[in-house]
Amino acid sequence: DSGVTQTPKHLITATGQRVTLRCSPRSGDLSVYWYQQSLDQGLQFLIQYYNGEERAKGNILERFSAQQFPDLHSELNLSSLELGDSALYFCASSARDSVETQYFGPGTRLLVL
Amino acid sequence: GQNIDQPTEMTATEGAIVQINCTYQTSGFNGLFWYQQHAGEAPTFLSYNVLDGLEEKGRFSSFLSRSKGYSYLLLKELQMKDSASYLCAVSPWGDSSYKLIFGSGTRLLVRP
């Protein structure tokens, strides 16, 4: 158990819908990263937050957005969902905004039908 | 651009040693990580290299050559539970983020 929690564990929805994925980092960690892992694909970086502020964006679609709240939990919002958005979504946390080990949550498996 | 290459699949025998290679080309370099990921589960941290050389941690060792853009993960005394994907990830440098760029992973099958 990494100490990072994610809810829900599974999510099934329809095309065109909107969902929110939630992540709580390890106690004391200030950085949260979101990654997407599609079938047979490597982990792709989406976005990073540090202490409530956006730090960097990767190949994140405009239909996707995220935020980090004052209690440091983070939410990833996915809207106008398409079949191709079906994937495992992981969040990871680290203590600071530096090169250090990122600890991954158990992921949310999203299936868009 | 960013490019990380690893073999797609490897097979080894229980009790043996296996070496999983990773080559990378990234814009700057802050360090290289190895993660283990069982199917459908979260990646778990194995090792971190930032300087050239070998880092040993129990049955697992990781090597880095920055000049060659090359790393390997060495697994000794293989056990059945080592069947998993092994992900090589680089922390590039220069865009104010410490995101990780992952390779596609190497699926290791350990046979009895």
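Described in the following lines is the structure provided in the data block. Keep in mind that this is a model prediction, so the values were computed, not measured.

Definitions and limits used
- Residues numbered from 1 in each chain as written.
- Chains lettered and ligands numbered in written order.
- Predicted model: local features only at pLDDT ≥ 70, side-chain atom pairs only at ≥ 80, totals over all residues.
- Heavy atoms only, no water.
- Pairing = 2+ DSSP bridges.
- Helix = DSSP H or I, 4+ residues; strand = E, 2+ residues; numbered from the N terminus.
- Phe/Tyr/Trp six-rings, centres within 6.5 Å; stacked < 30°, edge-to-face > 60°.
- Buried < 20%, exposed > 50% of the residue type's maximum accessible area, 1.4 Å probe, protein only.
- Axes fitted to C-alpha atoms, helices over the stretch in contact; angles between N-to-C directions.

1. Some remarks on the pairing of strand 6 (residues 53-57) of chain A
Residues and elements named next belong to chain A.
Link 1 in the chain: Summarising the sheet, strand 5 (residues 43-50) and strand 6 pair through four bridges and their orientation is antiparallel. Within strand 6, the residue paired with Q48 across the bridge is A56.
Link 2 in the chain: Hairpin connection of strand 5 to strand 6: two residues between the antiparallel strands, including N51 at a positive phi of 50°.

2. Comments concerning the packing of aromatic side chains
Link 1 in the chain: Within this structure, the stated rule accounts for 18 aromatic pairs over all chains.
Link 2 in the chain: Judged by centre distance (5.7 Å) and plane angle (90°), the ring pair of Y35 of chain A and F102 of chain B falls under edge-to-face. Residue Y35 of chain A is found in strand 4 (residues 31-37), and its partner F102 of chain B is found in strand 10 (residues 101-102); the two belong to separate chains.
Link 3 in the chain: With relative accessibility at 0%, the residue Y35 of chain A sits in the buried group.
Link 4 in the chain: Each residue in the set Y33, Y35, F45, F90 and F104 of chain A together with F33, Y35, F45, Y48 and F102 of chain B is aromatic and connected to the rest through ring pairs, giving one cluster.

3. A look at the sheet that holds strand 8 (residues 74-78) of chain A
Residue and element names in this part refer to chain A.
Link 1 in the chain: Strand order in the open sheet made by the four strands is 1-3-8-7, with antiparallel pairing throughout. The outermost strands of the open sheet, each flanked by one partner alone, are strand 1 (5-7) and strand 7 (64-68). Mean inter-strand twist for the sheet, computed between neighbouring axes without regard to direction, equals 15°.
Link 2 in the chain: As paired elements, strand 1 and strand 3 (residues 19-24) share three bridges and run antiparallel to each other. From the neighbouring strand, T5 faces strand 3, where its bridge partner is S24.

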